[in-house]
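Close look at the chain arrangement
Chain residues, written in single-letter form:
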Amino acid sequence: MAKTSLPFKDRFLAWVVSWFSWFLLQFIGRTSRVHSHYHPKVKEYFKEGKPFIYALWHRFQLFMVYEHRNRGVHVLVSQSRDGELIARALDRFGFYTVRGSSSHGGRAAFIELLNRARDGKSVAFTPDGPRGPYRAVRPGVIAMARKTGLPVVPLAWAGSRVKELSSWDRFLIPLPFGRFHVVLGAPFWIQPGDEKAEEKVRLALDDVALQAEQRLQRPAAHPPGLLKAYSLLLFLMWPLVFLGFVWRYGLRRTLKGLGERFGFGLPKKQSKNRPLIWIHAASVGEVRAVEGYLRNFPRTFPHVTRLLTTTTISGKELAEKLCVADEVRLAPMDLSFCVKRLAARMSPIALVLVETELWPNWIRALGDLDVPLFLINGRLSDRSFRAYFLMRFFWKPLLRRFSVIAVQNNLYAERFTKLGADPAQVAVTGNLKSDIPAPDLSRRPGLFRKFGFEETDRVWVCGSTHEGEEEVLADVFLSLLWRDQSLKLVLAPRHIERAPNVCRLLERKGLPHHLRSQIAEGTKPSVLILDTVGELADVYGLATWAYVGGSLIPRGGQNPLEPARWGVPVLFGPHMENFRDTSKLLIQEKAALQVKDAKMLEEFLYYSSRNPATREAMGQAARRVAEAQQGAVANNYKLLQDLMKSLDNGSG
């Protein structure tokens, strides 16, 4: 700040006012809830340290001082007693001032400010200041933009508790304990000879002022008391959740990812110059669902970094094994401070949630940061919909924060709409799990050798089984063995941590068995228990028949298209609510059989073992159905491409 020749009394007054202003604005900011809404391009400028020109109407400057403190912004201040007061206050907040005005030293001051801008410093202008008239654009900001080639970024704010003065500029004074929305809008450039430059500046400043006011008028994005109660309950339950992870994964594996669950740790492959999209898939099933979606990402979005988070450790291990993302980590807990910590480090340009990953604090925190939210492959099972519907008053404002909710079918679209989603947000794009490429059938001989079977073996693969099913399936297998000693069985528990329980069950029934993780070369298993991550898709290639788990008991069933891609007859029980449309289509095309109980299952297996033509016809029909269910990946990419275009065009 330049020295002045003001009398001691005025300098002392400036000193007092500067400290009072600092204390007052700090108090207002600390006692208020401040929401900052920065255009993605502006976020890049901040991240990369690029300069630009702040432009704001004179009435908004007070809260701008608090919001953009310590950013090294250079400001033109008049050489008067009032200017001295303002300059001293700005100095307390980390601004740099250049002294001058239109009546005294203005040209020299503008040249000095111009040199600072050319040296890579951001500068700020109030186009209608310091004396008005209100909303009349003076030439200073236009001349600065033309001479430097820097973008102009419009700024405005709105608050729930403000005092509007009767001055020429209708100056706004923020008050404590309020809610404030600060908007930095889309950057724009002013070219030499642009005759509409003044109008462009005025429209941009009016537009961000309107945006700030509209954000202030929006209803609360959630019931605050209920969300706080939810967050407190989740925080208090964390020790139990932690013990659950220890019981499921062991202490060493759980502790290894503990920091990631609290949002700590930078990604290994972070690139400051590439935008990042954050995709979250809860577990193994969801990772499999988005495998094709993520693999094609580099072709469609070559300059975007892919961050994939998972809730479960097994999901993370599968994602790392598949190499479908640039960075894989465990997801943060659904607590605001955990989510915001990760978001601040990663600066995602979008968050893509898979299926039904509706975490309230994630939605609120990233929505507050203006990160576009997408739900892909969305679905709501019967049981989930009933639970969500009871709390629809809670979910409606959260669902309204999504830019797009892409669902698997019309039924799920209707359910999301009933929960409160805007129908214009909801799009039916198909099931991503249907878009996994069909496997190469020539790999089958190698798979038989890999898992210890002969190509002549008839292998019954039971995939993604749950507790309560394995005993029924083992009894059916034992009964069939009395008739056909050459039959083989593969049991793949949905959660591999249950493999020891399955071993004990088979021991009680006198069935010799082997764990996949412990099988030695040359071993010829009669019963194989799959206790490894990411191999079930290949194991289905061994199958003479495939049973899809979670369907003999009320768990909603698993994806029947996984075995169908191999051209395998598909069997499942009466509970296929999670894949209602797919299972009906398979039955309709005579590619699958829905059994009502163990007796019906045993009868069909015995009958079809004696009728290879039946198995062949069902298998071919299953593969045709699987191949016909393509298109979901392309549909979802189109939605994301529209977002990327909107960000590039400055409309985000």
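Bear in mind that the values here come from a model prediction, so they are computed numbers and not experimental data. (Residues numbered from 1 in each chain as written. Predicted model: local features only at pLDDT ≥ 70, side-chain atom pairs only at ≥ 80, totals over all residues. Heavy atoms only, no water.)

Where helix H17 (residues 382–390) contacts helix H19 (residues 410–419), the two axes come as close as 10 Å, and the packing angle between them is 15°. Taken as axis vectors, H17 and H19 run roughly parallel relative to one another. Here the hand of the crossing between H17 and H19 comes out left-handed. Between H17 and H19, the contacting residues are Asp-382, Phe-385, Tyr-388 and Phe-389 on the first element and Arg-415, Lys-418 and Leu-419 on the second. (Axes fitted to C-alpha atoms, helices over the stretch in contact; angles between N-to-C directions. Helix = DSSP H or I, 4+ residues; strand = E, 2+ residues; numbered from the N terminus. Parallel < 35°, antiparallel > 145°, perpendicular 65-115°, else oblique. Left-handed = near helix turned anticlockwise from the far one by under 90°. Contact = heavy atoms within 4.5 Å.)

Bringing the pattern of salt bridges into the picture now. Inspection of the entire model under this criterion finds 26 salt bridges. With a shortest N-O distance of 2.9 Å, Glu-535 and Arg-516 are connected by a salt bridge. Here the residue Glu-535 occupies a position in the loop between strand E20 (527–529) and helix H23 (536–539), and Arg-516 occupies one in the loop between strand E19 (514–515) and E20, the gap between them amounting to 19 residues. Taken together, the shared-partner salt bridges connect Arg-288, Glu-291 and Arg-295 into one network. (Salt bridge = Lys/Arg side-chain N within 4 Å of Asp/Glu carboxyl O.)

Turning our attention to the confidence of the model for the protein chain. Averaged over all residues, the pLDDT of the protein chain equals 87, while 92% of them reach at least 70. Confidence scores differ between elements of the protein chain, with helix H4 (residues 81–92) showing the lowest mean pLDDT of 71 and strand E22 (residues 570–572) the highest of 97. (pLDDT = per-residue confidence, 0-100.)

Here we come to the sheet that holds strand E10 (residues 276–280). Spatially, E12-E11-E10-E13-E14-E15-E16 is the arrangement adopted by the 7 strands of the open sheet, whose pairing is parallel. Among the strands making up the open sheet, the edge pair consists of strand E12 (327–330) and strand E16 (426–428). Across the sheet, the axes of successive neighbouring strands diverge by a mean angle of 20°, strand direction being ignored. Contacting strand E11 (305–310) and E12, helix H14 (residues 313–322) runs over the sheet at an angle of about 170° to E12. (Pairing = 2+ DSSP bridges.)

So, about unusual backbone geometry. The backbone phi angle of Arg-135 is positive, close to 65°, even though this residue is not glycine. Residue position: Arg-135 is located in the loop between strand E5 (123–125) and helix H6 (139–148). By relative accessible area, which is 32% here, Arg-135 ends up partly exposed. (Buried < 20%, exposed > 50% of the residue type's maximum accessible area, 1.4 Å probe, protein only.)

As a further point, take the packing of aromatic side chains. The final tally for this structure, using the stated rule, is 22 aromatic pairs. Each ring, one from Phe-23 and one from Phe-27, has its centre 6.4 Å from the other, and the planes form 10°; the classification is stacked. Residue Phe-23 and its partner Phe-27 are both found in helix H1 (residues 8–31); the two are separated by 4 residues, about one turn of the helix. Phe-23 sits in the exposed class, given a relative accessible area of 52%. Look at Phe-27 and Phe-177: their rings are 5.9 Å apart centre to centre, the planes differ by 90°, and that puts the pair in the edge-to-face class. (Phe/Tyr/Trp six-rings, centres within 6.5 Å; stacked < 30°, edge-to-face > 60°.)

A few words now on the environment of Glu-164. Its location among the elements puts Glu-164 in strand E7 (residues 162–164). Since its relative accessible area comes to 45%, Glu-164 is described here as partly exposed. In this structure, Glu-164 is in contact with Arg-59, Arg-170, Phe-171 and Leu-172, ignoring residues within four places of it in sequence. At a separation of 2.6 Å, a polar atom in the side chain of Glu-164 contacts the side chain of Arg-59. (Polar contact = N/O pair within 3.5 Å; in protein donor to acceptor, adjacent residues only side chain to side chain.)

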